[in-house]
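Each chain, letter by letter, is given below.
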Amino acid sequence: MTRLVLVLGDQLTPDVAALKAADKARDVVVMAEVADETTYVKHHPKKIALILTAMRKFAAALREDGWDVRYTRLDDREASGSIAGELLRRAEETGAARVLITEPGEWRLITALRALPLETEMLEDDRFVASHAEFEAWAEGRKALRMEYFYREMRRKTQLLMDGDQPAEGKWNFDHDNRKPAPDEVTHTPIWFEPDETTEEVLALVEARFGNHFGDVRPFGFATDTKQAEQALDHFIAHALPRFGDYQDAMLSGNKFLYHSILSPYINIGLLDPLAVCRRAEAAYRAGAAPINAVEGFIRQIIGWRDYVRGIYFLEGPDYTNRNTLEQDRPLPGFYWGKPTRMNCVSKTVQQTGEEAYAHHIQRLMVTGNFALLAGIDPHAVHEWYLEVYADAFEWVEAPNVIGMSQFADGGIIASKPYVSSGAYINRMSDYCKGCSYKVSAKTGDKACPFNLLYWDFLLRHRARFGNNPRMAQMYRTWDKMDQDRREAVLRDAGRWLARLDAGELV
Ligand code: FAD
Ligand code: DLZ
Ligand code: SF4
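Just so we're clear, the structure is a prediction, and the values are computed from it rather than from any experiment.

According to the stated counting rule, one finds 42 salt bridges in the structure shown. Its salt-bridge partner being Lys24, residue Asp65 comes within 3.4 Å of it at the nearest N-O pair. Of the two residues, Asp65 sits in the loop between helix H3 (45–64) and strand E3 (68–72) while Lys24 sits in the loop between helix H1 (17–21) and strand E2 (28–32), which places them 41 residues apart along the sequence. A salt bridge links Glu153 to Arg156; the shortest N-O distance between them is 3.8 Å. Here Glu153 pairs with Arg156, and both are found in helix H7 (residues 147–158), just 3 residues apart, close to one helical turn. Look at Glu153 and you get partly exposed, because its relative accessible area is 38%. A single network of salt bridges, built from pairs that share partners, joins Asp68, Arg70, Arg90 and Glu93.

Take a look at the structure:
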């Protein structure tokens, strides 16, 4: 009996669970470009172009490998507009009554597929180090679910950077060596790819249909198949990995990528296998081509953070994206969509996000995320923004990073304290402040950096919650020691600045 095998736009590998379980001789693969997935949030045009191009190329590769693939293009006349609709249409066309599905990375789609009037078999997505059961077992009975301890388990399980039962060079974590400020010169540029015929066709489609979404579709240089993604990996390992650790937290106005890998879009849609990526990084370390602080830091991001946030997303359940522990409710300001702002750090980060559908971790966490948290923006609006604007954004990875790590809206499941900082941190790690209309050294007055003002406003607003957190005690002591006039001026100027923000003035 024929079964349908669903392959979603972020499941583009022959090793995905549903394809591994399918029978090429009798099963039919269903892939569909659908309006619902492209517009349930208004994704960045580069993200849509990446996914649709990679889907078309993957479908062609499956056909070449002998699979019967029923592929729906976005502009097909018969297209139903949703994944569920396409499965029903293909079921009728082929007479199939059963569907093999690899669990999607979003509760919205899981719920829709579970409701199908077809017999569905949903297999766990095993492109992760820890299964759901392993993550649940690790989480069971723990007071705090800290990533560091999960990461150590993953190191033991994978044997990555292990010498017997001991971590390589005697330490689990080399982050202490990884906080260097921005370098004067960056010697590396990421690898980009000339659009081929398939890509050009999709770019034209995206320009025609999604021209009203935030961001530029051209120039487009993402890898769109495994061969290109492997080249991007080779390029990163050879040229950027050795300095990845040193400058991981640095930000530069004139350089959007520094020594970051730009591999997350490829790993997340299936063009690269996360564990294979880590093994390549380890091989560079073992060969003496990259230092331990770089390689350990890089591997921790993948088998640590990436696997951990996926575990949290599924452990916490479908209401996670609606959490709002700090009860923040200000609307997302227009400058997140490119309207002008005098804050150079925010302006530069949003501008590069529009251009590339990419910003690196510290820009996401300590610039746009930090600002939203300090200014009291509604975390659900912040979550939707991140899901829309980044090429690597899928809810399983985006939501824990935004709702949990960045906005503390889950009440501290992921972060033991909120990631907030004044302008001093941004000034130390970047060159943004040099080109800003605000003065990072000014703590009060019209020229005061808004991060300086809002930092104290945030801490005071939430003193009842954070006042007894030992990791924040020093901050509150500093406030308490400040003289009364200065404290009054800070809070008054913060209030005025927020009033101007609310009034839609240029801030
Ligand atoms: P590198 O700096 O080169 O890191 C190597 C790899 O580690 C990445 O490719 C990625 O696979 C993994 N990684 C690093 N940090 C994380 C993390 N915190 N969580 C999961 N994986 C990680 N990452 C996404 O993949 N999708 C998202 O939607 C996303 N949203 C984010 C939102 C916020 C507010 C923050 C603070 C972080 C977010 N991240 C997200 C994590 C991280 O910022 C990106 O993975 C990283 O910037 C991708 O760029 P890169 O490939 O150059 O990463
Ligand atoms: C993100 C995305 C987009 C833009 N378009 C499609 C599509 O047309 N067809 C498809 O199968 N998948 C697409 N995706 C990826 C899905 O949204 C993703 O599989 C779910 O959000 C679960 O992670
Ligand atoms: Fe950002 Fe403040 Fe520096 Fe301006 S002065 S770039 S607002 S941190």
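Our next topic: the site of ligand 3. Every residue close to ligand 3 is listed here: Met343, Cys345, Gly423, Ile426, Tyr432, Cys433, Cys436, Tyr438, Val440, Cys449 and Phe451. Grouping the amino acids of the shell around ligand 3 by side-chain chemistry returns 10 nonpolar, 1 polar and no charged.

Direction vectors running N to C along helix H15 (residues 361–375) and helix H19 (residues 450–461) enclose 50°, while the axes themselves pass 8 Å from each other. Relative to H19, H15 is oriented oblique. Considering how the two elements wind past one another, H15 and H19 form a crossing that is left-handed. Facing H15, whose interface residues are Met366, Val367, Asn370, Phe371, Leu373, Leu374 and Ala375, H19 presents Phe451, Leu454, Tyr455, Phe458 and Arg461. Residue composition of the contact of H15 with H19, by class: 10 nonpolar, 1 polar and 1 charged.

Position of Phe408 among the secondary structure elements: in the loop between helix H17 (395–406) and helix H18 (423–429). Here the alpha-carbon distance between Phe408 and Pro379, two residues 29 residues apart in the chain, equals 8.8 Å. For Phe408, the contacting residues outside a window of four places in its chain are Thr325, Leu326, Ile403, Ala415, Ser416, Lys417, Pro418, Arg465 and Phe466.

Looking at the protein, the domain boundaries give domain 1 (3–123), domain 2 (132–190 + 240–316) and domain 3 (334–502). Placing a centre on the C-alpha atoms of domain 2 and another on those of domain 3 gives a separation of 25 Å. The interface of domain 2 with domain 3 comprises 30 residues on the first partner and 30 residues on the second. Looking at the side of domain 2 facing domain 3, the largest losses of area belong to Met251, Lys256 and Tyr313, adding up to 28% of the total buried there.

For the rest of this paragraph, the subject is the pairing of E2. Along E2, 5 of the 5 residues are buried, which leaves the element largely enclosed by surrounding structure. Across the two faces of E2 the burial is the same, with Val28, Val30 and Ala32 and Val29 and Met31 all buried. Sheet topology places strand E1 (residues 3–6) next to E2; 3 bridges connect them, and they run parallel. Among the inter-strand pairings, Leu4 is bridged to a residue of E2, identified as Val28. Across 5 bridges, E2 lies against E3 in parallel orientation. By the bridge assignment for E3, Val30 is matched with Arg70.

Overall, the coordinates contain 34 aromatic pairs when judged by the stated rule. With 5.4 Å between their ring centres and 35° between their planes, Trp456 and Trp479 make a pair best called tilted. Taken together, the residues span a long stretch of sequence, with Trp456 in helix H19 and Trp479 in helix H21 (residues 473–481) at a distance of 23 residues. When its relative accessible area of 13% is taken as the criterion, Trp456 is described as buried. Counting every residue linked through ring pairs, the aromatic cluster contains Phe335, Tyr336, Phe371, Trp385, Tyr386, Tyr390, Phe451 and Trp497. Lying over the aromatic face of Phe394, Lys47 brings its terminal NZ or CZ to 5.3 Å of the ring centre. Taking the ring centre of Tyr390 as reference, the NZ or CZ of Arg364 above it sits at 4.1 Å.

Successive side chains on a regular strand alternate, one facing one side of the sheet and the next facing the other. Burial along E1 is two-sided: Arg3 and Val5 facing one way and Leu4 and Leu6 facing the other are all buried. When E1 meets strand E4 (residues 98–102), the two strands line up parallel, connected through 4 bridges. Looking at the pairing, Leu4 lines up with Val99 of E4.

On to the environment of Asp493, then. Inspection of the secondary structure puts Asp493 in helix H22 (residues 484–502). For Asp493, a relative accessible area of 8% translates into the label buried. Excluding anything up to four places from it in sequence, Asp493 contacts Thr444, Gly445 and Leu453.

About the cut-offs
Residues numbered from 1 in each chain as written. Chains lettered and ligands numbered in written order. Predicted model: local features only at pLDDT ≥ 70, side-chain atom pairs only at ≥ 80, totals over all residues. Heavy atoms only, no water. Salt bridge = Lys/Arg side-chain N within 4 Å of Asp/Glu carboxyl O. Helix = DSSP H or I, 4+ residues; strand = E, 2+ residues; numbered from the N terminus. Buried < 20%, exposed > 50% of the residue type's maximum accessible area, 1.4 Å probe, protein only. Near = heavy atom within 4 Å. Nonpolar A, V, L, I, M, F, W, Y, C, P; charged D, E, K, R; others polar. Axes fitted to C-alpha atoms, helices over the stretch in contact; angles between N-to-C directions. Parallel < 35°, antiparallel > 145°, perpendicular 65-115°, else oblique. Left-handed = near helix turned anticlockwise from the far one by under 90°. Contact = heavy atoms within 4.5 Å. Domains from an automatic or database assignment. Buried area = accessible area lost by both parts, 1.4 Å probe. Pairing = 2+ DSSP bridges. Phe/Tyr/Trp six-rings, centres within 6.5 Å; stacked < 30°, edge-to-face > 60°. Lys NZ or Arg CZ within 6 Å of the ring centre and 35° of its normal.

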